[in-house]
Amino acid sequence: MSLVDLGAHAEEFNADPYPFYAALRQAGPVHRVEIGGERSWLVVGHEEARQALTHPALSKNWLGSELFDTTQAYAANRNMLESDPPHHTRLRRLVAREFTSRRVEALRPRVQQVTDELLDVMAARPDRRADLIRSFAAPLPMTVICELLGVPDLDQERFRFWSSEIVTSADAAGPDGRAMEQMTAYLFELVGAKAQDPGEDLLSALIRTRDEDGDQLAPDELIGMAFLLLVAGHETTVNLIGNGVRALLAHPDQLAALRADPDGLIDGAVEEMLRYDGPVQHATYRFARADLEIGSTYIEAGSSVLVALAAADRDPARFKEPGPDVFDIRRTGQSHLAFGHGIHFCLGAPLARMEGRIAIRSLLERFPDLAEDPEAGPRDWLPGSLMRGVSRLPLRW
């Protein structure tokens, strides 16, 4: 099988990867690719993606792989996303005891309040223009996740910077750099402070929680969990809101339908936003612990595997009526992979969905004449292949 260099058309791929994925899918569901100088197997078919996301021979624990420098590991890497059973099972069980649907639902009034406050500030702008990402899509989930975890208000801007640096500067497992060091050091201090003076926040609850056998999260595991919740709970929702608004503005008929029936269509609209142009382009790396086959493609032990969630969710074999490249907020019965699949399905999916529904609906209600600002210049796409979105989205109303 020939090697496909996705970096050869980096600018075009970053702006719109879907034609590239379609061409790859026509040739087969799994391909040998090079991304950022790293060679990996890329899964682009929907059924094959589901298979890869649950394959027992594919490990998420990059610390056990020879492909990465394990000296760059941090306490933050000791989280569910970068672990396998039985360790993953134990971590998820302990976190799920506290990160419950009841706790998430209790946040609904606060999410609406923060949303309204941010929109008030936008509406007060005399030029009737704003960057949606900076003014709304980024501060909303950052405020919510920091309040959920008990991060002081004054530290939220630093977290926004660290989070952005980590997810856009390194696609592979084990991100390194100054931002990772600073966030890890801060989280050690925060966990120590919460242990001495606990509150009603989720991080304090995770410090206290024990299962029936008396098991609890170790200090490094608390750091890893806080890191995962902060980064995953923020960056993905930023892109959900940004990509969702872009999709609506590019499809006026769908925007008009949603405005006409927000009660009946907002849930389906958010699901279609997640499928059509989701916030995460690729799942994080998996590593073959043994030889295996996916989509009739032989993958030898030691290889890295990337599951292209964005490609899988545009697979015509799965999304037939209407077609996979059609944005249709009334689409039903065709589940997407934006939150993953299997044991690593996103624990924060209910919170992301709730924030997305409240944010999109409130934005459209407040600004009936919302449109992209034609004078703002070309879009700035997020670098790298992990996240899918723009760093700014200038709008007018």
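Preceding block: the structure.
Residues numbered from 1 in each chain as written. Predicted model: local features only at pLDDT ≥ 70, side-chain atom pairs only at ≥ 80, totals over all residues. Heavy atoms only, no water.

1. Here's the deal with the overall build of the chain
Then, in step 1: Along the chain, the regular secondary structure elements total 16 helices and 11 strands.
Then, in step 2: Taken along its principal axes, the extent of the C-alpha atoms in the chain is 60 × 55 × 35 Å.
Then, in step 3: Per-residue burial for the chain yields a buried fraction of 54% across its 397 residues.
Then, in step 4: Looking at the chain alone, contacts between residues at least 24 apart form 73% of all its contacts between residues at least 6 apart.
Then, in step 5: Summing over all exposed atoms, the chain offers an accessible surface of approximately 17,000 Å²; the carbon and sulfur share of this is 50%.
Then, in step 6: The centroid of the 42 positive side-chain charges in the chain is displaced by 3 Å from the centroid of its 60 negative side-chain charges. (Helix = DSSP H or I, 4+ residues; strand = E, 2+ residues; numbered from the N terminus. Buried < 20%, exposed > 50% of the residue type's maximum accessible area, 1.4 Å probe, protein only. Contact = heavy atoms within 4.5 Å. Areas by Shrake-Rupley, 256 points an atom, 1.4 Å probe, with all protein chains shown as cover. Lys, Arg positive; Asp, Glu negative; His and termini not counted. Charge placed at Lys NZ, Arg CZ, Asp CG, Glu CD.)

2. Side note on the sheet that holds strand S3 (residues 38–43)
Then, in step 1: Strand order in the open sheet made by the 6 strands is S1-S2-S3-S9-S6-S4, with mixed pairing throughout. Looking at the sheet topology across the chains shown, the edges are occupied by strand S1 (4–5) and strand S4 (58–59).
Then, in step 2: Relative to strand S2 (residues 30–35), S1 runs parallel, the two sharing 2 bridges. Within the sheet, the bridge partner assigned to Asp5 lies in S2 and is Glu34.
Then, in step 3: Against the sheet, helix H2 (residues 18–27) makes contact with S1, S2 and S3, and its axis sits at roughly 140 degrees relative to S2, the strand it touches most. (Pairing = 2+ DSSP bridges. Axes fitted to C-alpha atoms, helices over the stretch in contact; angles between N-to-C directions.)

3. Some words on the packing of helix H6 (residues 108–123) against helix H16 (residues 349–366)
Then, in step 1: Axis separation between H6 and H16 bottoms out at 10 Å; the angle between their running directions is 35 degrees. Viewed along their axes, H6 and H16 form a crossing whose handedness is right-handed. Seen from H6, the contacting residues are Arg108, Val111, Gln112, Thr115, Asp116, Leu119, Asp120, Met122 and Ala123; seen from H16, they are Met354, Glu355, Ile358, Ala359, Ser362, Leu363 and Arg366.
Then, in step 2: Split into classes, the residues belonging to the contact of H6 with H16 amount to 8 nonpolar, 3 polar and 5 charged. (Left-handed = near helix turned anticlockwise from the far one by under 90°. Nonpolar A, V, L, I, M, F, W, Y, C, P; charged D, E, K, R; others polar.)

4. Examining the pairing of strand S9 (residues 304–307)
If a strand is regular, its side chains alternate between the two faces of the sheet.
Then, in step 1: Residues Ser304 and Leu306 of S9 are buried on one face, and the alternating residues Val305 and Val307, pointing to the opposite face, are buried as well.
Then, in step 2: Looking at chain direction, S3 and S9 are connected through 3 bridges and run parallel. Among the inter-strand pairings, Leu42 is bridged to a residue of S9, identified as Leu306.
Then, in step 3: One ladder, built from 2 bridges, connects strand S6 (residues 286–288) with S9; its direction is antiparallel. In the strand pairing of S9, Arg286 is matched with Val305.

5. What to know about helix H3 (residues 46–54)
In an α-helix, one turn spans 3.6 residues, which is why side chains three or four residues apart end up on the same side.
Then, in step 1: Those residues of H3 that fall on the buried side of the exposure criterion are His46, Glu48, Ala49, Ala52 and Leu53. One side of H3 carries all its buried residues, which in axial view fall inside an arc of 155 degrees.
Then, in step 2: Contacts made by the buried residues of H3 are with S3, S4, S6, strand S7 (292–294), S9 and helix H15 (309–312). (Arc of directions from axis to C-beta.)

6. Some details on the packing of aromatic side chains
Then, in step 1: Taken as a whole, this structure holds 10 aromatic pairs when the rule is applied.
Then, in step 2: For the ring pair Phe13 and Phe20, a centre distance of 5.6 Å and an interplane angle of 75 degrees mean the geometry is edge-to-face.
Then, in step 3: By relative accessible area, which is 24% here, Phe20 ends up partly exposed.
Then, in step 4: Residues Phe367 and Trp397 carry aromatic rings whose centres are separated by 4.6 Å and whose planes lie at 40 degrees to one another, so their mutual orientation is tilted. Taken as a pair, Phe367 in the loop between H16 and strand S10 (371–372) and Trp397 in the segment after strand S11 (394–396) lie far apart in primary sequence, 30 residues in all. Assigned by exposure class, Phe367 and Trp397 land together as buried.
Then, in step 5: For Arg275, the ring lying beneath its charged end belongs to Phe319, and the centroid distance is 5.1 Å.
Then, in step 6: Residue placement shows Arg314 over the ring face of Tyr18; its charged tip is 3.8 Å from the ring centre. (Phe/Tyr/Trp six-rings, centres within 6.5 Å; stacked < 30°, edge-to-face > 60°. Lys NZ or Arg CZ within 6 Å of the ring centre and 35° of its normal.)

7. Let's talk about the environment of Pro219
Then, in step 1: Within the secondary structure, Pro219 sits in helix H12 (residues 219–250).
Then, in step 2: Each C-alpha atom of the pair Pro219 and Ile207 lies 8.5 Å from the other, and the pair is 12 residues apart in sequence.

8. Structural notes on the nonpolar core
Then, in step 1: Core analysis: the biggest nonpolar cluster contains 109 residues, and Phe136 and Leu187 have the highest contact counts within it.
Then, in step 2: For this core, the leading source of residues is H12, giving 16 residues.
Then, in step 3: Ignoring any residue separated from it by four or fewer positions in sequence, one finds Phe136 in contact with Thr115, Leu118, Leu119, Met122, Asp131, Pro141, Ile241, Ala359 and Leu363.
Then, in step 4: Counting residues in each nonpolar core, the second largest holds 16 residues, with Leu6, Tyr18, Tyr21 and Ile35 among its members. (Core = buried A, V, L, I, M, F, W, Y, C linked by side-chain atoms within 4.5 Å.)

9. Here's the deal with the side chain of Glu48
Then, in step 1: Tracing the backbone through its elements, the reader meets Glu48 in helix H3.
Then, in step 2: Buried within the structure, Glu48 lacks any salt-bridge partner; Arg25 is the closest side chain of opposite charge, at an N-O distance of 8.5 Å.
Then, in step 3: Not counting residues within four places of it along the chain, the set of residues in contact with Glu48 comprises Pro29, Val43, Ile294 and Gly295. (Salt bridge = Lys/Arg side-chain N within 4 Å of Asp/Glu carboxyl O.)

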